[in-house]
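Chain by chain, the residues run as shown.
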Amino acid sequence: MEIPATQKALLLYGTKMPYALVEGYPVPELRGAEVLVRNKAIGLNPIDWKAPDFGFRLPQMPYVAGRELAGVVAKVSGEGKWQVGDRVAVVSTDYRDLRKAAF
């Protein structure tokens, strides 16, 4: 499975603004023992649709939302139990690291 250099992303540019679908957003580089997941399904939680209206937990702009997803492991770095092709469900609570966002 080839990893593209860029992807589509749903970005938020400011509080009380609509999300914008953009092309050419960089695919994150892996750091340490991490996996890159090709999204198949993304969960939309209240924080994802309330944050833009209330400015809650938006550490930087543009912001990438979404912390729950299901997909397929596309790349692995470091040691670990995951392998390319594994199907996974992911819940990330680290909203400060936009590399871990789903949208």
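Within every chain, residues take consecutive numbers counted from 1 along the sequence as written. In keeping with the predicted nature of the model, local features appear solely for residues at pLDDT of at least 70, side-chain atom pairs appear and are counted solely at 80 or more, and the whole-chain, interface and lining totals rest on all residues. Working from all heavy atoms in the structure, the side-chain values ignore hydrogens and water.

Throughout, exposure labels follow a simple rule: accessible area from a 1.4 Å probe, protein chains only, divided by the maximum for the residue type, with under 20% read as buried, over 50% as exposed, and the rest as partly exposed. By the criteria applied, helices consist of DSSP H or I runs no shorter than four residues and strands consist of E runs no shorter than two, each listed in order from the N terminus. Every buried residue of helix α1 (residues 46-54) is listed here: Asp48, Ala51 and Pro52. With its buried residues spanning 90° around the axis, α1 presents them on a single face. On the buried face of α1, the contacting elements are β1 (6-12). Trailing α1 by a residue or two, Gly55 shows a phi angle of about 70°, which is positive. An arc is given here, and it is the one of the directions from the helix axis to the C-beta atoms. By definition, residues are in contact when any of their heavy atoms lie within 4.5 Å.

This brings us to the confidence of the model for the protein chain. What pLDDT reports is the predictor's confidence in each residue, on a scale of 0 through 100. On average, residues of the protein chain score 90 in pLDDT, and 99% of them reach the 70 mark or higher. Across the protein chain, the element-wise mean pLDDT spans from 83 in α1 up to 96 in strand β2 (residues 20-26).

Here we come to unusual backbone geometry. Along the chain, Met61 connects to Pro62 via a cis peptide bond; the corresponding omega equals -5°. Mapped onto the elements of the fold, Pro62 is located in the loop between α1 and β4 (63-64). Phi is positive for Lys16, which is not a glycine, with a value near 65°. Take Lys16: it is sitting in the loop between β1 and β2. We classify Lys16 as exposed; its relative accessible area is 64%.

Time to look at the side chain of Asp48. Its place among the elements puts Asp48 in helix α1. When charges are counted, Lys and Arg contribute as positive and Asp and Glu as negative, whereas His and the chain ends are disregarded. We count a salt bridge whenever a side-chain nitrogen from Lys or Arg sits within 4 Å of a carboxyl oxygen from Asp or Glu. No salt bridge is formed by the buried Asp48. Its closest oppositely charged neighbour is Arg67, at 6.1 Å. For Asp48, the residues in contact, after removing those within four places along its chain, are Tyr19, Gly43, Ala65, Gly66 and Phe103.

Turning next to a nonpolar patch on the surface. Candidates for patches are residues over 30% relative accessible area with no salt bridge; among them, like charges are joined within 9 Å and nonpolar side chains (Val, Leu, Ile, Met, Phe, Trp, Tyr) within 5 Å. The accessible surface values rely on the Shrake-Rupley method and a 1.4 Å probe; as for residues, cover is taken only from the protein chains in view. Together, Val35, Val76, Trp82 and Val84 make up an exposed nonpolar region whose accessible area comes to about 310 Å². Position of Val84 relative to the elements: it lies in the loop between β5 (68-76) and β6 (87-91).

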